[in-house]
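A closer look at the structure
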Amino acid sequence: MKEDLDRDLFVAPKWRRRLVYWLRDHIRVASEVSKNMSLELSSSFLTWFILGLTVSFPAGLYLAHLNTEKAEGLVGLTGGLAIYFQTGTTESEIISLQDWITQNPELEVKEVRSSEKSFEDLLSTISDQTREPNLLEGIDHTVLPAIMLVELPAGYNERRLITLRSEIEEFPRVDSVVMQYEWLERLAALQSLIEKFWLLSSFLFGLASVLVTSISISFAIQGQLEELKVFHFLGATKRQVRRPFIYLGAIFGIGGGLMALFILALVLSIIEPSLSSLDLSYGQEGLIVGFDLFFSSVLILCCVFLGIIGATLAASRELINLDELVS
Amino acid sequence: MPQTPLISLVRVSKKFGSGQEALSEISAEFHEGTITYVTGHSGAGKTTLLRLIFGADKASRGKVIAADRDVGKLTIAELPMYRRNVGVVFQNPNLIFRRTIFENVALPLLIDGEKLSQVEKRVRGALSRVHLAGRENLFPYQLSIGEQQRVGLARSIVRRPIILIADEPTGNLDPALSRTVFGLLSEYSATGAAVVVASHDINLVAAYKGREVSLNQGRAVINDES
């Protein structure tokens with residue numbers, strides 16, 4: 001008893017002992033929460049299911065966004081530039097521009113058409129259509145310009161395209177550069193719309209997840225208020241009183257995340273045959289991109305984070321006046 | 001009697017929001033190794049006084065000093081540490097009915113983060129002290145109200161606190177059980193702790209040796225001869 005009387009009434013143990021006590025308390029809480037949850041599996045399952053449904057929508061939208069980008073590649077939605085040279089441009093002058101373009105790995109020169117080739121093509125076309133092969137006889141072939149067609153990758157935005165055009169126009173003998181970028185603007189607008197919708201839905205559904213967790217945990221706290229009161233007057237810190245509910249929030253998050261993955265897997269398994277047929281029609285292997293281990297881990301972590309926020313909110317709201325309960 | 005008080009009330013008053021003054025200018029000292037009975041009729045301010053010592057309430061005026069510190073000015077971090085040194089027994093033992101007797105008594109030690117081997121040893125010791133050895137695996141609803149009160153007492157002393165406060169611990173008990181509980185509290189004070197017991201049962205208090213602080217309309221009369 002003497003040693004108990006000598007100890008300081010108000011000072012917490014030194015940090016090493018505190019760390020050990022803290023770890024032991026976490027182990028105790030984790031074990032108790034898991035045990036309690038296993039006893040009330042059906043109500044926990046319901047919360048997981050609601051959380052899973054809520055989270056699966058923005059997660060699904062994200063996957064749709066990723067796969068839309070893939071689809072752009074499949075249907076050949078790539079942009080381009082048509083560079084028209086002045087008449088009389090030499091082959092070496094064209095090659096010097098071609099070399100400059102090929103230094104940029106994003107750009108690909110699809111075709112270089114000399115003025116002679118352009119003229120031959122024109123003659124051939126006229127001959128096919130009019131059955132008069134000599135219609136353009138006597139006209140100088142240099143009347144037509146040499147053309148270079150450059151392909152741009154998907155996602156090449158308008159600002160970069162305009163800069164590129166200015167740089168190309170500074171090359172000697174370049175007459176004009178025609179940009180084919182209207183689709184890029186439309187696509188960028190569409191992608192921006194999908195992205196904003198995804199962000200907005202993530203925020204709203206994330207908020208809904210937090211509220212669902214918070215309400216579930218509020219009920220759990222109200223059901224255990226007598227027990228918490230006892231913990232409090234036995235000297236548990238506020239963090240210790242809250243800790244089981246933070247764990248509960250995290251477990252709700254893990255369960256909700258797994259449920260969301262299950263729902264997404266189910267939906268994808270239903271739509272995959274149709275997507276595969278579509279992909280194969282473009283000569284591509286029908287795989288849905290993005291639904292992988294990294295995505296699953298991030299989704300579960302996000303759910304755990306939302307669960308912890310919900311639990312913290314509930315604990316802050318329900319456990320403010322524990323002292324008043326001591327009687 | 002030891003000279004340095006473990007707890008001192010210095011001109012303590014407590015006024016509630018309604019304007020009712022529960023305690024008025026109370027001064028008293030509680031020493032190590034002594035038992036003090038706080039008596040008075042219902043509403044005299046006994047529970048308020050214990051709540052002030054426990055740190056569950058703050059005095060409107062005056063100070064509650066424990067080991068040279070003003071309990072009313074403890075920080076959020078200090079208050080739980082202080083409470084770990086103060087055992088509390090209420091009229092209602094406040095046991096957790098879904099936990100066994102062992103688990104109920106072990107709670108304070110688990111909150112402290114004690115080793116399981118140490119927890120087991122001390123829980124058995126505390127239960128043995130209140131004559132409930134061998135009942136560890138029962139649930140509170142399987143015990144009589146007197147036994148439940150003793151479990152509450154075992155839980156409050158399992159940490160070997162240097163201050164033990166008991167608010168009407170015999171309020172729900174028959175005379176025989178009341179004497180058992182008072183005997184246990186008296187025994188505990190002999191280990192060196194300051195024990196403060198609030199009771200309206202003047203006859204029971206008179207049967208035990210200790211100081212008496214009698215409250216009447218918020219004012220105190222101290223009697224060392226009880």
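Keep in mind that what you see is a predicted model, and the values were worked out from it rather than measured.

1. So, the overall build of chain B
- Per the secondary structure count, chain B includes seven helices and 10 strands.
- Put simply, chain B has 226 residues, and 58% of those count as buried.
- The contacts in chain B between residues at least 6 apart in sequence include a share of 69% that link residues at least 24 apart.
- Surface accessibility of chain B: about 9400 Å² in total, with carbon and sulfur atoms responsible for 49%.

2. A word on the environment of Lys14(B)
Residue and element names in this part refer to chain B.
- Tracing the backbone through its elements, the reader meets Lys14 in strand 1 (residues 5–15).
- In this structure Lys14 comes out as buried when scored by relative accessible area, which is 11%.
- C-alpha separation for the pair Lys14 and Thr48, spaced 34 residues apart in sequence, amounts to 7.9 Å.
- With sequence-adjacent residues up to four places away left out, Lys14 is seen in contact with Gln20, Glu21, Ala22, Leu23, Thr48, Leu52, Asp57, Lys58, Ala59 and Ser60.
- Polar side-chain contacts of Lys14 include one of 2.9 Å to the backbone oxygen of Lys58.

3. A few points about the interface of chain B and chain A
- Across the boundary between the two partners, chain B contributes 40 residues, which contact 35 residues of chain A.
- A combined buried area of about 3300 Å² lies between chain B and chain A, and 57% of that area is made up of carbon and sulfur atoms.
- For the interface between chain B and chain A, the tally reads three salt bridges.
- Between Glu227(A) and Arg99(B) there is a salt bridge, with the nearest N and O atoms lying 2.9 Å from each other.
- Run the count over chain B and chain A and you get 11 residue pairs in polar contact (both at pLDDT 80 or more).
- If you list the elements that add at least two residues to the side of chain B that touches chain A, you get helix 1 (46–54), helix 2 (78–83) and helix 3 (101–112) of chain B.
- Here the side of chain B that touches chain A takes six residues from helix 3 of chain B, the largest share from any one element.
- Residues that form the side of chain B that touches chain A fall into these classes: 19 nonpolar, six polar and 15 charged.

4. Focus: the pairing of strand 1 of chain B
Residues and elements named next belong to chain B.
- As paired elements, strand 1 and strand 2 (residues 21–31) share seven bridges and run antiparallel to each other. Bridge pairing in strand 2 places Leu9 opposite Ala28.
- Where strand 1 hands over to strand 2, the hairpin turn is made up of five residues, of which Gly19 adopts a positive phi near 95 degrees.
- Alignment of strand 1 against strand 4 (residues 61–66), held across five bridges, turns out to be antiparallel. Considered in strand 4, the bridge of Ser13 is made with Arg61.

5. Focus on unusual backbone geometry
All names here are of chain B.
- Of note in this structure, Glu25 is not a glycine but carries a positive phi near 50 degrees.
- Here Glu25 is to be found in strand 2.
- A relative accessible area of 32% means that Glu25 is categorised as partly exposed.
- Although it is not a glycine, Asn94 sits at a positive phi angle of roughly 55 degrees.
- Summarising the element assignment, Asn94 is placed in the loop between strand 6 (86–89) and helix 3.
- The exposure class of Asn94 is buried, given its relative accessible area of 5%.

6. Some thoughts on the nonpolar core
- Among the nonpolar cores identified, the biggest contains 60 residues, and Leu9(B), Leu49(B), Ile53(B), Tyr82(B) and Ile165(B) are the most heavily contacted of them.
- Here this core takes six residues from helix 9 (residues 238–281) of chain A, the largest share from any one element.
- Excluding anything up to four places from it in sequence, Leu9(B) contacts Ile26(B), Ser27(B), Ala28(B), Phe30(B), Leu49(B), Ile53(B), Lys63(B) and Val64(B).
- Within the second largest apolar cluster, 36 residues are counted, among which are Leu95(B), Leu153(B), Leu173(B) and Val181(B).

The rules we used
- Residues numbered from 1 in each chain as written.
- Chains lettered and ligands numbered in written order.
- Predicted model: local features only at pLDDT ≥ 70, side-chain atom pairs only at ≥ 80, totals over all residues.
- Heavy atoms only, no water.
- Helix = DSSP H or I, 4+ residues; strand = E, 2+ residues; numbered from the N terminus.
- Buried < 20%, exposed > 50% of the residue type's maximum accessible area, 1.4 Å probe, protein only.
- Contact = heavy atoms within 4.5 Å.
- Areas by Shrake-Rupley, 256 points an atom, 1.4 Å probe, with all protein chains shown as cover.
- Polar contact = N/O pair within 3.5 Å; in protein donor to acceptor, adjacent residues only side chain to side chain.
- Buried area = accessible area lost by both parts, 1.4 Å probe.
- Salt bridge = Lys/Arg side-chain N within 4 Å of Asp/Glu carboxyl O.
- Nonpolar A, V, L, I, M, F, W, Y, C, P; charged D, E, K, R; others polar.
- Pairing = 2+ DSSP bridges.
- Core = buried A, V, L, I, M, F, W, Y, C linked by side-chain atoms within 4.5 Å.

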